[in-house]
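# Observations on chain architecture
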Amino acid sequence: MRVEMTKTKRTLCLIALMLTNLAVMNDLVIIPIISSFYQNFGDHMGLVNYIVSGPALIIVFTSLLASWLCRKLDKKVVLIAGALFFTVGAVFGAIVENPYYIAFMRTLVGIGAGFEQVVAVALIADVYEDENERAKMTGYYNATMSFVGIAYSYLAGVLANSGVWQNAFKCYWAAIPMLVFIFLFVPSVKPGERTAAADESGKKEKEALGFRFWVLEGSWLVANILFGSTVLYYVSVYIAENALGDAAFSGTATSVKQIVGFVLCLFFGAIYSKLKRHTITVSYIIAAVTLVMMVVSPSKFGAVVIATICGCCYKLVFSYMYAHGFTLVPPSRIDDSVAITTAVYGIGTFFSTYFATWIMGLMHTDRVTETWVVSAVLFGVLAVIEIVMTVSEKKQAA
């Protein structure tokens, strides 16, 4: 291990890093009350879109900034800074019922989340240098994301159902112990030999990432937009439009999706070992079919079970991007591929809400549900592209 610690200190450090998912998964608190934003701030549609998905765009820039800062500063300092940004923006995010104020605080949340996501994963690599041990801890980290999502979704739905949507923001009070744990138990990790080696290698001419990598990133961008404009952010709207339940039901539906996603993350390795290259193709096909089913026959079953199946496709695609994406690039460009994949994730998530309202305008409808047919068709297109690329790769290998 690069960072020497006792077993107890290492365990406490790992707990602190797991708690950073309270920042990474911040959107799950917002999902059950998205419809409340549109109802209360309907005259500021663009601003509401930013409130919902703006932090994802901020993460694009702050994740890259965090990577640069870690080359200059102690990683613990960067992690604490991110935790402070997030805590302030989240805890005080809705004390003023004004869309401009909420949008500003959501910006702080995005800054903090970007720092936490990048630095926490980097610290896991520092603390656990053994490849197998690191992979196991990274798997636990991803599973914790889903667990935090479960808690956030359920509690936010229950709190919002009290009649005051701002109560959902009380979930963010958990950020305070997160900040305390980071301050007390995360070790100081200053720029060292690994950074120097990276700087030295950066002086050489970079190897190309490759055409296949860029095709996959294009698919990843579109997938984030499609998932974000449907089952990730708009289940509560789907439920409200079709009179299927209240905010508590929306929170429960999202929690079920997160529970199944949690289990899926634990077993992703086994799934990937069986499907390999076809993992993403199968995910796109299932996503297309489930969206069509939800549009054709809206029901509570569809909002919980079918939406969960579709949402789990996103979990598979997300994990696939980091598991398979590394194999497509030269070893010297792995860090670059991680940064690009993370940035694309943020860009796609940000534009997902704008895509939803744009499609609504094109279809001349005030309902999100009907637009999911378009997303289903586009998922089908992504599946066809992946099939074509797979056939092409097999021919080249022959």
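Above this text you will find the structure in question.
The following refers to the structure shown. (Residues numbered from 1 in each chain as written. Predicted model: local features only at pLDDT ≥ 70, side-chain atom pairs only at ≥ 80, totals over all residues. Heavy atoms only, no water.)

Next up on the list: the overall build of the protein. When helices and strands are counted, the protein shows 18 helices and 0 strands. Long-range pairs, those at least 24 residues apart, make up 84% of the contacts in the protein between residues at least 6 apart in sequence. Roughly 17,200 Å² of accessible area belongs to the protein as shown, and the carbon and sulfur atoms make up 69% of that amount. (Helix = DSSP H or I, 4+ residues; strand = E, 2+ residues; numbered from the N terminus. Contact = heavy atoms within 4.5 Å. Areas by Shrake-Rupley, 256 points an atom, 1.4 Å probe, with all protein chains shown as cover.)

With 17 residues, helix 6 (residues 75–91) ought to run about 24 Å at 1.5 Å a step, and its terminal C-alpha atoms sit 24 Å apart, in line with that. Burial analysis of helix 6 places 12 of its 17 residues in the buried class, which makes it a mostly covered element. Every buried residue belonging to helix 6 is among K75, K76, V78, L79, I80, G82, A83, F86, T87, G89, A90 and V91, and all of these are buried. Put simply, D74 is the residue that caps the front of helix 6, since its side-chain oxygen is 2.9 Å from the backbone nitrogen of K76. (Expected span 1.5 Å × (residues − 1). Buried < 20%, exposed > 50% of the residue type's maximum accessible area, 1.4 Å probe, protein only. Polar contact = N/O pair within 3.5 Å; in protein donor to acceptor, adjacent residues only side chain to side chain.)

Tallied over the full model, the rule gives 1 cavity of 30 Å³ or more. As for the largest cavity, its lining consists of 27 residues, and the residues nearest its centre are M25, L28, Y314, K315 and Y345. Elements supplying a minimum of two residues to the lining of the largest cavity: helix 3 (27–30), helix 5 (45–70), helix 8 (131–160), helix 13 (247–266), helix 16 (300–324) and helix 17 (334–362). For the lining of the largest cavity, the leading source of residues is helix 16, giving 6 residues. (1 Å grid on protein atoms, 1.4 Å probe; cavity = no way out; pocket = protein on both sides within 12 Å on 5 of 7 lines; lining within 4 Å. Points joined across faces, edges and corners; volume = space filled by probe spheres on them.)

Counted according to the given criterion, the structure contains 4 salt bridges. Across the pair R106 and D27 runs a salt bridge, and its minimum N-O distance is 3.0 Å. Taken as a pair, R106 in helix 7 (residues 99–127) and D27 in helix 3 lie far apart in primary sequence, 79 residues in all. An identical accessibility class is assigned to R106 and D27; each is buried. Note that R367 is salt-bridged to E370, the shortest N-O span being 3.0 Å. With relative accessibility at 24%, the residue R367 sits in the partly exposed group. One salt-bridge network, held together by shared partners, links R212, R277 and E386. (Salt bridge = Lys/Arg side-chain N within 4 Å of Asp/Glu carboxyl O.)

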